[in-house]
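The primary structure of each chain is shown beneath.
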Amino acid sequence: MDPSHRDRARRRHDRLLGGGLALALGAGLALTGAAAGTAYAADVNVARNAGFESGLADWTCSAGSGATVSSPVHGGTAALKATPGGQDNARCAQTVAVRPNSTYTLSAWVQGGYAYLGATGTGTTDVSTWTPDSAGWKQLTTRFTTGAATTSVTVYTHGWYGQAAYHVDDVSVFGPDGGGGGDPDPVVPAPPAGLTAGAVTSSSVALSWSPVSGATGYHVYRDGTKVQSVTGTSATVTGLAANTSYGFQVSASNAAGESAKSTAVTARTSTTGPNPVPAVPKHALTGYWQNFDNGAAVQKLRDVQAQYDIIAVSFADSTATPGQITFTLDPGVGYASVADFKADIAAKKAAGKSVIISVGGEKGNVTINSDASATAFASSAYALMQEYGFSGVDIDLEHGINSTYLTKALRQLSAKAGPGLVLTMAPQTIDMQSTGTEYFKTALAVKDILTVVNMQYYNSGSMLGCDGKVYSQGSVDFLTALACTQLEGGLDASQVGLGVPASPRGAGSGYVDPQVVRNALDCLTRGTGCGTFKPSKTYPALRGAMTWSTNWDATAGNAWSNAVGPHVHALP
């Protein structure tokens, strides 16, 4: 350990102890013996072979499921790869020496299939955390406190049955040395570079910066005052005054401390900005309109049931330019001309409806993974809005997204379109299982301009609800427990909708009777009609419901919209 780091940690401990002692004496209390707080050595990483540079030394993996690999790695030259098989979840564990009555921060970088990180035998409350599959490295972090007699704790990782192999690197169990030593302490990271101000509104500024090696988080400063802490490399500072100049800086941090601040950037807010609540009803019904013939009823927009408040035209097309989209009206839907189609859009808008262009779908894909592609998307999407009269866009990308650049694209589009932009998303269930997924991160990053997330509660299989229990699709519990994850994860209730098929033919699986949808809406907004899962509170501002598609609805005589639409509009 660097002596200067040890001295800093000891001085920090002494300051904390001195403050606690002064408070206790001021209250007329006396501290004796161990309660006085022995000044232990500085915290260390008590895990051994934490980066798997020595193979599987100090680690034990179930059923021979673990091995070290040279790629991918997060740091150093090796990482753990563990592969679930049959009834084995590929659990790899290590017992570490700890001090009693001490707090430890447990973290690890993971990639690949489902990955879990936890600690058992703590003597108090055992802890765990997890993430769905991830294409890139993602850090899992949790904390535990040891019991009065606890001198060792088992830390572990594991995957999930039937899921892909997962990778782990740079494990850290950071806290007081329990006598077993461990890997070297982390060092304070370097200041972030590349701080850039992006899209601005009358009350917000979007910031982004380059990642810093060894950093576990970042702090955002406005005119020298810390205003936000994030784990990623972007943030949007809100609550600003219109037409005002601000200076921004960012620092990096980890368990060792906080870096110096970055070079400052200046940004000025605009004089006018977007309305955070677009002109969509408080409770809205969303339906996808098919610009193709797949056996469902072929419709013109004018034939779409009047219950629908948002109509998503499916789908935009990608071009050879990354990020760029276009739209071609399919002759098979029966329009005499493009002008006739545009007239239908105008008529729906005159009737108070929002007609938007949907991007993606099962077979479509648009790649937005650079500044250039983000700009291409924003420019082309806005051009379609101007040409056809679309009120906004729907993000239905099902082949992976990059939250950093998709966020930039949507903010650029918002800056062009202004306060009338309607922005919706239709992620799959797996994309919204935790706030660490790219879709959830994007939704939270554009929360101030986001209209609604209509997650697809179909073609899914079993998923975790917000209570940590597994629920199977096709039930009221599946709808409510998974919606709860979004509601408790940071989205406003007005930004959450329930997406289901309009008929059994509308999806491969997951169709539910309209009464189940109505029960789920009542459970979330009124606390009635619930199944075995009942949320801890109600969400009366819940936006509503969505279906695929208006065409399959029409095929079944509009039974779905006739049953669900009035119920949505009558919500509290």
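Residues numbered from 1 in each chain as written. Predicted model: local features only at pLDDT ≥ 70, side-chain atom pairs only at ≥ 80, totals over all residues. Heavy atoms only, no water.

Q: Hey, could you go over the overall build of the protein for me, with residue numbers and the actual values?
A: Broken down by element type, the protein carries nine helices and 31 strands. Restricting the contact set of the protein to residue pairs at least 6 apart, pairs at least 24 apart contribute 73%. Per element, the accessible surface of the protein, about 22,900 Å² overall, is 51% carbon and sulfur. (Helix = DSSP H or I, 4+ residues; strand = E, 2+ residues; numbered from the N terminus. Contact = heavy atoms within 4.5 Å. Areas by Shrake-Rupley, 256 points an atom, 1.4 Å probe, with all protein chains shown as cover.)

Q: Mind laying out the sheet that holds strand S7 (residues 115–120), listing which residues take part and the relevant values?
A: In spatial order, the strands read S2-S5-S10-S7-S8; together these five strands make up an open sheet with antiparallel pairing. The open sheet has two edge strands, strand S2 (60–61) and strand S8 (127–131), and neither has a second partner. Examined bridge by bridge, S7 and strand S10 (residues 152–158) share five bridges and lie antiparallel to one another. By the bridge assignment for S10, Thr 120 is matched with Thr 154. (Pairing = 2+ DSSP bridges.)

Q: I'd like a rundown of the state of the cysteines, residues and numbers included.
A: A full pass over the atoms with the stated rule returns three disulfides. Residue Cys 61 pairs covalently with Cys 92 via a disulfide, S to S 2.1 Å. Across the S-S bond of Cys 61 and Cys 92 the torsion is about 115°, and the bridge reads as right-handed. Residue Cys 61 is found in strand S2, and its partner Cys 92 is found in strand S5 (residues 92–97); the two are separated by 31 residues along the sequence. Taking relative accessible area as the criterion, Cys 61 reaches 16% and is therefore assigned buried. Judged by its relative accessible area of 0%, Cys 92 is buried. Disulfide pairing places Cys 466 opposite Cys 484 at an S-S distance of 2.1 Å. Judged by the sign of its S-S torsion, about 85°, the bond between Cys 466 and Cys 484 is right-handed. Here Cys 466, found in the loop between strand S28 (463–464) and strand S29 (470–471), pairs with Cys 484, found in helix H6 (residues 476–488); they are 18 residues apart in sequence, far enough to count as distant. On the basis of relative accessible area, Cys 466 is assigned to the partly exposed category, the value being 33%. (Disulfide = S-S within 2.5 Å. Buried < 20%, exposed > 50% of the residue type's maximum accessible area, 1.4 Å probe, protein only.)

Q: Which residues make up the side chain of Asp 169, and what values do they have?
A: By the secondary structure assignment, Asp 169 is in strand S11 (residues 166–175). There is a polar contact of 2.9 Å between the side chain of Asp 169 and the backbone nitrogen of His 74. (Polar contact = N/O pair within 3.5 Å; in protein donor to acceptor, adjacent residues only side chain to side chain.)

Q: Now, about the packing of aromatic side chains: what can you tell me, with residues and values included?
A: Between two aromatic rings, the relevant description is the distance of the centres plus the angle of the planes. Per the stated rule, a full pass over the model turns up 20 aromatic pairs. Between Tyr 246 and Phe 248, the ring centres sit 6.3 Å apart and the planes meet at 40°, which makes this aromatic pair tilted. Tyr 246 sits in the buried class, given a relative accessible area of 11%. Taken together, Trp 289, Phe 327, Tyr 335, Phe 341, Tyr 388 and Phe 390 form an aromatic cluster joined through their ring pairs. Above the plane of the ring of Tyr 335 lies Lys 300, whose end atom (NZ or CZ) is 5.9 Å from the centre. A cation over a ring is seen here: Lys 342 above Tyr 388, with NZ or CZ 5.2 Å from the ring centre. (Phe/Tyr/Trp six-rings, centres within 6.5 Å; stacked < 30°, edge-to-face > 60°. Lys NZ or Arg CZ within 6 Å of the ring centre and 35° of its normal.)

Q: Pulling in residues and values, what's your account of the pattern of salt bridges?
A: In the structure shown here, the tally under the stated rule is nine salt bridges. Among the ionic pairs, Asp 344 bridges to Arg 302, the shortest N-O distance being 2.9 Å. You can see Asp 344 sitting in helix H2 (residues 338–350) and its partner Arg 302 sitting in the loop between strand S20 (284–290) and strand S21 (310–314), a full 42 residues away along the chain. The residue Glu 438 makes a salt bridge to Lys 441 at a minimum N-O spacing of 2.8 Å. You can see Glu 438 and its partner Lys 441 sitting in helix H5 (residues 438–445), three residues apart, about one turn around the helix. Its relative accessible area of 29% is what places Glu 438 among the partly exposed residues. (Salt bridge = Lys/Arg side-chain N within 4 Å of Asp/Glu carboxyl O.)

Q: I'd like to hear about the nonpolar core, residue by residue, with values.
A: Among the nonpolar cores identified, the biggest contains 97 residues, and Trp 289, Leu 301, Phe 341, Phe 377, Phe 390 and Ile 395 are the most heavily contacted of them. The element that contributes the greatest number of residues to this core is H6, accounting for eight residues. With residues near it in sequence (within four places) discarded, Leu 301 still touches Trp 289, Ile 311, Val 313, Tyr 335, Phe 341, Asp 344, Ile 345, Lys 348 and Val 355. Counting residues in hydrophobic clusters, the runner-up holds 29 residues, among them Cys 61, Leu 117, Leu 140 and Val 155. (Core = buried A, V, L, I, M, F, W, Y, C linked by side-chain atoms within 4.5 Å.)

Q: Could you give me a rundown of the packing of helix H4 (residues 403–417) against H5, with the residues and numbers involved?
A: The N-to-C vectors of H4 and H5 enclose an angle of 35°; their axes lie 9 Å apart at closest approach. Read as a crossing pair, H4 and H5 show a hand that is right-handed. Contact with H4, carried on its side by Ser 403, Leu 406, Thr 407, Leu 410 and Arg 411, involves Glu 438, Lys 441, Thr 442 and Ala 445 of H5 and no other residues of that element. Here the residues of the contact of H4 with H5 sort into three nonpolar, three polar and three charged. (Axes fitted to C-alpha atoms, helices over the stretch in contact; angles between N-to-C directions. Left-handed = near helix turned anticlockwise from the far one by under 90°. Nonpolar A, V, L, I, M, F, W, Y, C, P; charged D, E, K, R; others polar.)

Q: If you had to explain the side chain of Ser 403 to someone new, which residues and values would you point to?
A: Positionally, Ser 403 belongs in helix H4. With relative accessibility at 8%, the residue Ser 403 sits in the buried group. Contact partners of Ser 403, with chain neighbours within four places excluded, come to Glu 438, Lys 441 and Thr 442.

Q: Kindly report on unusual backbone geometry, identifying the contributing residues and their values.
A: Following Ser 71, the chain continues to Pro 72 via a peptide bond in cis, the omega torsion being 0°. The omega torsion across Ser 314 and Phe 315 is 10°, close enough to zero to call that bond cis. With respect to the element layout, Phe 315 can be found in the loop between S21 and strand S22 (317–318). Look at Asp 170: it is not a glycine, yet its phi comes out positive at around 50°.

Q: Describe the sheet that holds strand S26 (residues 422–425), naming the residues involved and giving the relevant values.
A: Strands sit in the order S20-S21-S24-S25-S26-S27-S30-S31 around a closed barrel of eight strands; the barrel is parallel. With strand direction ignored, the average angle separating the axes of adjacent strands in the sheet is 25°. Pairing of S21 with strand S24 (residues 354–361) involves five bridges; the strand directions are parallel. Bridge pairing in S24 links Ile 310 to Ser 354. Contacts between helix H7 (residues 514–526) and the sheet are confined to strand S30 (496–501) and strand S31 (544–548), with S30 contributing the most and set at about 165° to the helix.

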